[in-house]
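So the chains spell out like this:
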Amino acid sequence: MSAWVVLTRPEGAAAAVRAAAAGGAVTVLAVGPRELADAVASAGADEVLWLEPQPGFAIESCAPQVADLVAADSPQLVVGGVEPQVRALLGAVAARLGAAVLSEVSTVRADGMSFVLERAGLGGAVVQGVRTVGPVVALLAADEDEPVDGTAVGVRAAEAGATAPVRVVRTQAAATADGLGTALTVVSVGRGLRSRDDLAMVEQLAAALDAQIGCSMPVADDLGWVPKDHYVGRSGQQIGPRLYLALGISGAPQHLEGIRRAKVVVAVNSDPAAPIFRRADYGVVGDLYEVVPALLDALGH
Ligand SMILES: Cc1cc2nc3c(=O)[nH]c(=O)nc-3n(C[C@H](O)[C@H](O)[C@H](O)COP(=O)(O)OP(=O)(O)OC[C@H]3O[C@@H](n4cnc5c(N)ncnc54)[C@H](O)[C@@H]3O)c2cc1C
């Protein structure tokens, strides 16, 4: 039995290899520059294969080649992370293998001839256990950071093969909401806020800290209290401020993906079990309606 991991960035490589190990000997297929393959050589895989897109071509142009390489080994399990490009490549792999595709996967376990996977359902409100027989493509819920400290294996370059004609014709910096993407400090608010009017105190705190306003997806998408281009996370802005202050945000994996690059995360949440505290460097278990005014007071506002 064999398993493959397809990746386009080093983050989460060790966790992906660990998940794939349920399927047997693991081959990592690193699609990108040589440095990527070298960076993941110690992630614990049995073999690392390196595939470099042709200069000027998008990573997705490698989809036919990736599908050929993986299918030639007929693995029962193929694992990928959250990168949209990886998901596109794995779509081609799944089609070639005739494999089931499961998203939001957190764990994979072999059970005889089948795999048992756990994955988040209903936006993270439930955990589903899924049993599958036959080849399966598991898309992990998050690129979990784990130390890459295995023994480095050799990197083998993949043979050139079929590619799709996806050429990059233009690249320019994306416009992000009011400089949210480059802000040094972001004050971000979640569903812990009870009404739109209460946003005023959050805006006051942001002004006092010379910060930009961010929010969780529902605050922008469902409630419409903050413009949509201000929400942070997998499907929103991915930001790297020096300070990220999360007010009344639970810390769903999709939200945390947006603050992977944040240096210091401070969370204020009334629930001591809120997942945001696992990511936070400093946490205040408390009511934001008490903490924000106290902060404003301390800042002389
Ligand atoms: C495919 C997909 C993509 C998604 N992409 C994103 C994304 O990009 N970004 C994103 O944010 N979400 C995204 N989500 C949604 C995500 O799963 C969560 O539902 C969302 O992040 C929760 O927002 P929240 O933390 O504001 O709300 P909740 O989860 O409801 O949390 C509110 C928090 O406020 C706390 N609280 C309540 N009252 C107070 C108070 N008075 N003082 C202090 N704390 C208080 C509560 O304890 C709770 O922890 C996505 C979901 C899916 C399925």
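Relevant structure appears above.
A quick note: this is a predicted structure, and the numbers were derived from the prediction, not measured.

Below, the discussion takes up helix α9 (residues 288–298). When α9 is considered as a whole, its buried residues turn out to be Leu-288, Tyr-289, Val-291, Val-292 and Leu-296. Two or three places before Tyr-289, at the opening of α9, Asp-287 has a side-chain oxygen 2.8 Å from that residue's backbone nitrogen. Positive backbone phi, at 80°, marks Gly-300, one or two positions downstream of α9.

Now for the sheet that holds strand β12 (residues 243–247). A sheet is described by the order of its strands in space; here five strands give the open sequence β11-β10-β12-β13-β14, paired in parallel fashion. Edge positions in the open sheet fall to β11 (212–215) and β14 (282–285), since each of these has one partner strand only. Taken over all neighbouring pairs, the strand axes of this sheet differ in orientation by 20° on average, direction set aside. In the sheet, strand β10 (residues 185–189) pairs with β12 via five bridges, with the strands oriented parallel.

Let us now look at the layout of surface pockets. Approximately 1400 Å³ is the volume attributed to the largest pocket. In terms of lining residues, the largest pocket is bounded by 48 residues, among which Gly-251, Ala-252, Pro-253, Gln-254 and Leu-256 are the most central. Those elements that place two or more of their residues in the lining of the largest pocket are α1 (13–20), β5 (100–111), β6 (114–121), β7 (126–133), α6 (217–221), α7 (253–256) and α8 (276–279). When grouped by side-chain class, the residues that make up the lining of the largest pocket number 20 nonpolar, 15 polar and 13 charged. Each of domain 1 (2–157) and domain 2 (177–298) accounts for three or more of the residues forming the lining of the largest pocket. Of the voids in this model, the second largest pocket is the one considered here, and its volume is about 290 Å³. Every residue lining the second largest pocket is counted, 13 residues in all, and those nearest its centre are Arg-9, Glu-83, Pro-84, Gln-238 and Glu-257. Residues belonging to the lining of the second largest pocket are distributed by class as follows: three nonpolar, three polar and seven charged. Here the lining of the second largest pocket spans two domains, since at least three of its residues come from each of domain 1 (2–157) and domain 2 (177–298).

With that settled, consider helix α4 (residues 84–97). Across its 14 residues, α4 extends 20 Å between first and last C-alpha, which sits within 8% of the 20 Å expected from 1.5 Å per residue. Among all positions in α4, only Val-86, Leu-89, Leu-90, Val-93, Ala-94 and Leu-97 are buried. Down the axis of α4, the sector holding all buried residues measures 145°, keeping them to one side. Turned more than 90 degrees off the buried face of α4, the exposed positions are Pro-84 and Ala-95. Phi turns positive, to about 65°, at Gly-98, one or two residues after α4.

Cut-offs and rules
Residues numbered from 1 in each chain as written. Predicted model: local features only at pLDDT ≥ 70, side-chain atom pairs only at ≥ 80, totals over all residues. Heavy atoms only, no water. Buried < 20%, exposed > 50% of the residue type's maximum accessible area, 1.4 Å probe, protein only. Helix = DSSP H or I, 4+ residues; strand = E, 2+ residues; numbered from the N terminus. Polar contact = N/O pair within 3.5 Å; in protein donor to acceptor, adjacent residues only side chain to side chain. Pairing = 2+ DSSP bridges. Axes fitted to C-alpha atoms, helices over the stretch in contact; angles between N-to-C directions. 1 Å grid on protein atoms, 1.4 Å probe; cavity = no way out; pocket = protein on both sides within 12 Å on 5 of 7 lines; lining within 4 Å. Points joined across faces, edges and corners; volume = space filled by probe spheres on them. Nonpolar A, V, L, I, M, F, W, Y, C, P; charged D, E, K, R; others polar. Domains from an automatic or database assignment. Expected span 1.5 Å × (residues − 1). Arc of directions from axis to C-beta.

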